Amino acid sequence: MSAVTTKAQWLQLADSLTVRGQAFIDGQYVDAASGATFECISPVDGRLLAHVSSCDSDDAQLAVASARASFESGVWSKMAPVKRKQVMIRFADLLETHGDELALLETLDMGKPVSDARGVDIPGAARALRWSGEAIDKIYDEIAPTADNEIGMITREPVGVVAAIVPWNFPLLMACWKLGPALASGNSVILKPSEKSPLTAIRIATLAVEAGIPPGVLNVLPGFGHTVGKALALHMDVDTLVFTGSTKIAKQLMIYAGESNMKRVWLEAGGKSPHIIFNDCPDLRQAAKAAASAIAFNQGEVCTAGSRLLVESAIKDELLALVVEELGNWKPGHPLDPQTTVGAVVDAQQLQTILRYVEQGRQQGAILACGGEQVLADTGGVYVAPAVFHGVTNEMTIAREEIFGPVLSVIEFDGMEEAVRIGNDTIYGLAAGVWTSDLSKAHKTAKALRTGMVWINHYDGGDMTAPFGGYKQSGNGRDKSLHAFDKYTEIKATWIAL
Ligand code: NAD
Ligand code: MN
């Protein structure tokens, strides 16, 4: 539970906060070898938060060497799972103990409402660490069904050195979806946060050591642009690369792996998820609430954002009016005000991207029902009002490209076949929502959608117990659930003749 409950208290805490910007290698905070830094500017009000180490290939070299040495030493990789479990749980506990500080860092760094950071991101990150830790002494290996004079053992071993490159929209949460299973299964990790949101990753490095994770097992390398991420992706001694971010960079990482040591590459990438509302929707008000939340939560900077609202034509006008009304509850405000539901977008560059898409939607003939303009400019921060376009066709740019901002495209359809055809007409395949009172139609639609997740009569469900990830150009492999361990382990078959 948070001890901080008012905007004034959050602002006071912000003023007294020490913000660290150094890399963390081999259990120590260090400057980049080059001494270079970049500025970390808050989108909340434009204030300078920190000078952050701008790591490059020299730092990657040091971090990979440290990770490799710690892995080979066995200090973590060969620790009994029950012991690793205890450390992971302590690590999770420390995230919670420092929950106010971490939530504040997240909000100042990337602009999300502090009540979301405190209520969603930090508890979710702690849960990912705890859940993975709790699982690790309950997963058994296998014995093959051999003939009587043989034994076939099928065992899982940690893969070795893991590089994790993560995005800025849920900085700590995305990091912990990787760190949980990666660390619990005994690997040594180099975490590369986004240059737009490096602060919480840097902060938790020392909490990991405090929890008992040995030096070298978790390294954190902030860096600007592609520099240090590319160095890790091309490194000959990184065994596995796990990534959450855009499809464009995801494809580049596959190339880097092919150009170097064929490291395993696991990708969680973009989305353009269809949220399908049939005429027989059980509750249009609930659907409208879900549709508003699916585009406005986290400023629309969500990979699973329900950015294409597919509505059956008979209910289109009614639903559109309800969605616009519901978006009245999603007005941008000061992120440190606990009542705020929509915060700042991550930076001025992202704001320009969003405004450009809004302009393109207009030019291509879509009708703007609300929002889409910059607001609260006098704060010095970057804010945009959630936008709804209707009269959108699936061929328009705003329906095809991931905007990663609060811009909703309402597209009409008639019948299940057309809903599925439009829903699947995208390079992405991350998630989908379906609202209907017809059980068979719900199942048929869910089966026909080429997406890793489908939500029936709600949007954006799930927790650590269910896998998260996409089909097609939304990526491969899954975060969360026991399936996530596939990314962090090699399978060994040991065959014994008796
Ligand atoms: P991005 O691809 O621009 O950057 C992601 C990370 O890759 C950052 O840390 C960045 O510094 C690094 N990077 C950039 N260029 C690189 C290079 N050449 N080599 C190595 N690393 C490089 O994505 P973003 O803007 O940070 O995040 C938004 C994207 O993330 C959206 O496309 C969104 O859909 C996706 N996302 C996906 C999921 C999911 O689970 N599927 C979750 C959240 C976000
Ligand atoms: Mn930032």
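What counts and what doesn't
- Residues numbered from 1 in each chain as written.
- Chains lettered and ligands numbered in written order.
- Predicted model: local features only at pLDDT ≥ 70, side-chain atom pairs only at ≥ 80, totals over all residues.
- Heavy atoms only, no water.
- Helix = DSSP H or I, 4+ residues; strand = E, 2+ residues; numbered from the N terminus.
- Expected span 1.5 Å × (residues − 1).
- Buried < 20%, exposed > 50% of the residue type's maximum accessible area, 1.4 Å probe, protein only.
- Near = heavy atom within 4 Å.
- Polar contact = N/O pair within 3.5 Å; in protein donor to acceptor, adjacent residues only side chain to side chain.
- Areas by Shrake-Rupley, 256 points an atom, 1.4 Å probe, with all protein chains shown as cover.
- Nonpolar A, V, L, I, M, F, W, Y, C, P; charged D, E, K, R; others polar.
- Domains from an automatic or database assignment.
- Axes fitted to C-alpha atoms, helices over the stretch in contact; angles between N-to-C directions.
- Parallel < 35°, antiparallel > 145°, perpendicular 65-115°, else oblique.
- Left-handed = near helix turned anticlockwise from the far one by under 90°.
- Contact = heavy atoms within 4.5 Å.

A word on helix α6 (residues 171–184)
Phase 1 of the analysis: For α6, with 14 residues, the first-to-last C-alpha span of 20 Å sits near the 20 Å given by 1.5 Å per residue.
Phase 2 of the analysis: Counting buried residues along α6, 14 of its 14 residues qualify, which places the element largely inside the surrounding structure.
Phase 3 of the analysis: Remark: Gly 186 follows α6 within two positions and exhibits a positive phi of approximately 100°.

What about the site of ligand 1?
Phase 1 of the analysis: Around ligand 1, 29 residues are found, and the nearest of them are Trp 168, Lys 192, Glu 195, Ser 246 and Glu 402.
Phase 2 of the analysis: The contact in question runs from an oxygen atom of ligand 1 to an N or O atom on the backbone of Gly 245, over 3.3 Å.
Phase 3 of the analysis: A distance of 2.8 Å separates a nitrogen atom of ligand 1 from a polar atom in the backbone of Ala 269.
Phase 4 of the analysis: Within the complex, 91% of the 840 Å² of free accessible area of ligand 1 lies under protein.
Phase 5 of the analysis: Of all the elements in the fold, those that place two or more residues in the shell around ligand 1 are α8 (227–234), β10 (240–244) and α9 (247–259).
Phase 6 of the analysis: Here the shell around ligand 1 gets 3 residues from one element, more than from any other, and that element is α9.
Phase 7 of the analysis: Looking at the shell around ligand 1, its residues break down into 15 nonpolar, 9 polar and 5 charged.
Phase 8 of the analysis: Domain assignment of the residues forming the shell around ligand 1 places at least three in each of domain 1 (17–269) and domain 2 (274–460).

Considering the packing of helix α2 (residues 57–73) against α8
Phase 1 of the analysis: Two elements in contact, α2 and α8, have axes whose closest approach is 8 Å; the angle formed by their N-to-C orientations is 50°. Classed by the angle they form, the pair α2 and α8 counts as oblique. The hand of the α2/α8 crossing is right-handed. Each of Ser 57, Ala 60 and Val 64 in α2 lies in contact with α8, whose residues at this interface are Val 228, Ala 231 and Leu 232.
Phase 2 of the analysis: For the contact of α2 with α8, the class distribution of residues is 5 nonpolar, 1 polar and no charged.

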